[in-house]
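Examination of the molecular architecture
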Amino acid sequence: MQTLIKDIKELAGVERTPQRRKQGKEMAVLETVEDAYLLLEDGAVKAFGPMSECPEGADREVSAKGRMVLPSFCDSHTHIVYARSRELEFVDKIRGLSYEEIAKHGGGILNSAKATAMASEEELYDMAWQRLDEVMRMGTGAIEIKSGYGLSTESELKMLRVIRRLKEHSPMTIKANFLGAHGIPMEYRGHQKDYVDLVINEMLPRVADEGLADFIDVFCDQGFFTVEDTERILTAGLKYGLRPKIHANEMAVSGGVQVGVKYNAISVDHLEQMGDAEIECLKGSETMPTVLPGCAFFLSLPLSPARRMIDAGLPVAMASDYNPGTSPSGNMQLILSMACIRYRLTPEEALNATTLNTAYAMDVSGEVGSIAVGKKANFYITKPIPSLAYMPYAYGENKVERVFLNGVEV
Ligand code: NIG
Ligand code: FE
């Protein structure tokens, strides 16, 4: 079955020679074809080029006149399996409490853990499915989803089974990340080493046994898990073949970046607190620095030095961090706008940061993240828009009109 998308005003994010990721100056390059066609076959990209070379005889034709076509966003950091929103804490924050203070008093992640424990797998699945559907219609085609609101063996497994069911039923490309070390349950306060033991000795073997995770995560930060805790968990995870993909340097220069690089994490995420040593340490590594603009916006945190990292030759990815506590939105169009407006990335850099580089950060850049022959046909057709820069410029407006995943309109 062949589908032809024709008369595309501009087809952006194509790659003739696909790269695993883009770094430094390469990030400013986003190849496009004006007045283009895109041919799909059996769920994959078969060919693309100028309309003057457009093939004939496709089974189905779709006109994209006046519209742009872009590769679907890849959102490499989310926590969309959760049972309840947390707007009361949001109000507490407006009144002056910090994220860390709320967490210390049993709010925050522990609040979500309580709600998760009470919810059934079915309820969690239905809620997560709705969120997934919503972000899919706003242009996201691949997504990483974490556990971490369980904090007990049964609840962590429940969350990961929900993610497995989402993988089975959604047309999106989904990766699961086991985040047993997200918060320290109240009963382990003062002896958190015992909780780390539980993660390593009880949770991890069951997670691995059921094949429920693609990655392993730790919230390595001040007030949460130490570098030593993180090393123990990552070492144990590697024995089960789980590559690290961790939370680092949100609250403090915590050593999270260094420990991530040391254990060859596929990404270190947040990075609001970065010194020169952290930037140096990422150079030459396989670890993708991932910035979460929605979290910094929602918590009024300092901005991660994304511009400085790119100027230093590093790659940068940007994801939504969709979760009820620090970023209650998975709108990647908004992340694209924030990348340009707040972090001074150009539209081309911002698009690379939210597509190819986030695909790398979830180990799927060989199959999604750009429009390339043989990759999954995952893209969206915009509403009629004047130019590529309009995508980040018109923040708050939904520019996505039609979504195709695996070559099929959803
Ligand atoms: O990425 N920083 C740690 N974890 C999440 C927040 C989780 C929550 O507050 O529910 C984050 O921001
Ligand atoms: Fe997170």
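Being a predicted model, the structure only gives us computed values, none of them experimental.

A word on the site of ligand 1
Surveying the vicinity of ligand 1 reveals 16 residues, the closest of which are Tyr99, Tyr149, His182, Glu250 and Thr326. In the model, a nitrogen atom of ligand 1 is placed 2.7 Å from a nitrogen or oxygen of the His182 side chain. In the model, an oxygen atom of ligand 1 is placed 2.9 Å from a nitrogen or oxygen of the His270 side chain. Considered on its own, ligand 1 offers 330 Å² of accessible surface; in the complex 100% of this is hidden by protein. Across the shell around ligand 1, the residue classes tally to 5 nonpolar, 8 polar and 3 charged.

Focus: the coordination of the iron ion (ligand 2)
Protein coordination of the iron ion (ligand 2) is provided by His77 (NE2), His79 (NE2), His247 (NE2) and Asp321 (OD), with donor distances spanning 2.1 to 2.5 Å. Counting the intervening residues between successive donors of the iron ion (ligand 2) yields the motif H-x1-H-x167-H-x73-D. Pair noted here: His77 is in the loop between β6 (73-75) and α1 (87-94) and Asp321 is in the loop between β13 (317-318) and α12 (332-341), with a separation of 244 residues, a long-range link. By relative accessible area, which is 1% here, Asp321 ends up buried.

Considering the domain arrangement of the protein chain
Split into domains, the protein chain comes out as domain 1 (2-71 + 368-409) and domain 2 (73-361). Taking only C-alpha atoms into account, the centre of domain 1 sits 29 Å from that of domain 2. Across the boundary between the two partners, domain 1 contributes 33 residues, which contact 37 residues of domain 2. Between domain 1 and domain 2 lies a buried interface of about 2,700 Å² when both sides are counted; carbon and sulfur atoms form 62% of it. In this assembly, domain 1 and domain 2 are joined by 1 salt bridge. Between Arg20 and Glu286 there is a salt bridge; the shortest N-O distance is 3.2 Å. Scanning the region where domain 1 abuts domain 2 turns up 16 residue pairs in polar contact (both at pLDDT 80 or more).

Considerations on the side chain of Thr290
Examined against the element boundaries, Thr290 turns out to sit in strand β12 (residues 288-291). A polar atom in the side chain of Thr290 sits 3.2 Å from the backbone oxygen of Met288. Leave out the neighbours within four places in its chain, and Thr290 touches Ser76, Ser267, Val268, Asp269, His270, Leu271, Ala317, Ala319 and Ala361.

Considerations on the nonpolar core
Among the nonpolar cores identified, the biggest contains 104 residues, and Val81, Ile145, Leu166, Phe178, Met318 and Leu345 are the most heavily contacted of them. Per element, the largest residue contribution to this core is 8 residues, and it comes from helix α6 (residues 192-209). Residue-level mapping places this core at the junction of two domains, with at least three residues from each of domain 1 (2-71 + 368-409) and domain 2 (73-361). In contact with Phe178, other than residues within four places in its own chain, are Ser147, Glu156, Leu160, Val199, Met203, Leu204, Val207, Ala213, Phe215, Ile216 and Asp217. Counting 18 residues, the second largest nonpolar core, distinct from the first, contains Val33, Ala36, Val45 and Phe48.

Examining the environment of Glu87
Within the secondary structure layout, Glu87 lies in helix α1. With a relative accessible area of 43%, Glu87 lands in the partly exposed category. Reaching out from Glu87, the side chain makes a polar contact with the side chain of Ser85 at a distance of 2.6 Å.

Description of the packing of aromatic side chains
In the structure shown here, the tally under the stated rule is 8 aromatic pairs. Taking 5.3 Å as the distance between ring centres and 15° as the angle between the ring planes, the aromatic pair formed by Phe90 and Phe298 counts as stacked. Remark: Phe298 occurs in helix α10 (residues 293-299) and Phe90 occurs in helix α1; sequence separation between them is 208 residues. Seen from their ring centres, Phe219 and Phe224 are 4.1 Å apart, and the 25° between their planes marks the pair as stacked. In this structure, Phe219 and Phe224 share a single accessibility class: buried. An aromatic cluster is defined as three or more aromatic residues linked by ring pairs; in this entry it consists of Tyr188, Tyr195 and Phe225. The ring of Tyr360 carries Arg21 above its face, with NZ or CZ at 5.1 Å from the centroid. Taking NZ or CZ as reference, Arg165 lies 4.2 Å from the ring centre of Tyr125, over its face.

Overview of the side chain of Asp269
Looking at the element boundaries, Asp269 is found in strand β11 (residues 267-270). One buried charged residue, Asp269, forms no salt bridge at all, with the nearest opposite charge on Lys245 at 4.0 Å. At a separation of 2.7 Å, a polar atom in the side chain of Asp269 contacts the side chain of Ser267. Leaving out residues up to four positions away in the same chain, Asp269 has contacts with Ser76, His77, Lys245, Ile246, His247, Ala248, Thr290 and Leu292.

So, how was this worked out
Residues numbered from 1 in each chain as written. Chains lettered and ligands numbered in written order. Predicted model: local features only at pLDDT ≥ 70, side-chain atom pairs only at ≥ 80, totals over all residues. Heavy atoms only, no water. Near = heavy atom within 4 Å. Polar contact = N/O pair within 3.5 Å; in protein donor to acceptor, adjacent residues only side chain to side chain. Areas by Shrake-Rupley, 256 points an atom, 1.4 Å probe, with all protein chains shown as cover. Nonpolar A, V, L, I, M, F, W, Y, C, P; charged D, E, K, R; others polar. Donors = N, O, S within 2.8 Å, 3.2 Å for Na, K, Ca; no water. Helix = DSSP H or I, 4+ residues; strand = E, 2+ residues; numbered from the N terminus. Buried < 20%, exposed > 50% of the residue type's maximum accessible area, 1.4 Å probe, protein only. Domains from an automatic or database assignment. Contact = heavy atoms within 4.5 Å. Buried area = accessible area lost by both parts, 1.4 Å probe. Salt bridge = Lys/Arg side-chain N within 4 Å of Asp/Glu carboxyl O. Core = buried A, V, L, I, M, F, W, Y, C linked by side-chain atoms within 4.5 Å. Phe/Tyr/Trp six-rings, centres within 6.5 Å; stacked < 30°, edge-to-face > 60°. Lys NZ or Arg CZ within 6 Å of the ring centre and 35° of its normal. Lys, Arg positive; Asp, Glu negative; His and termini not counted.

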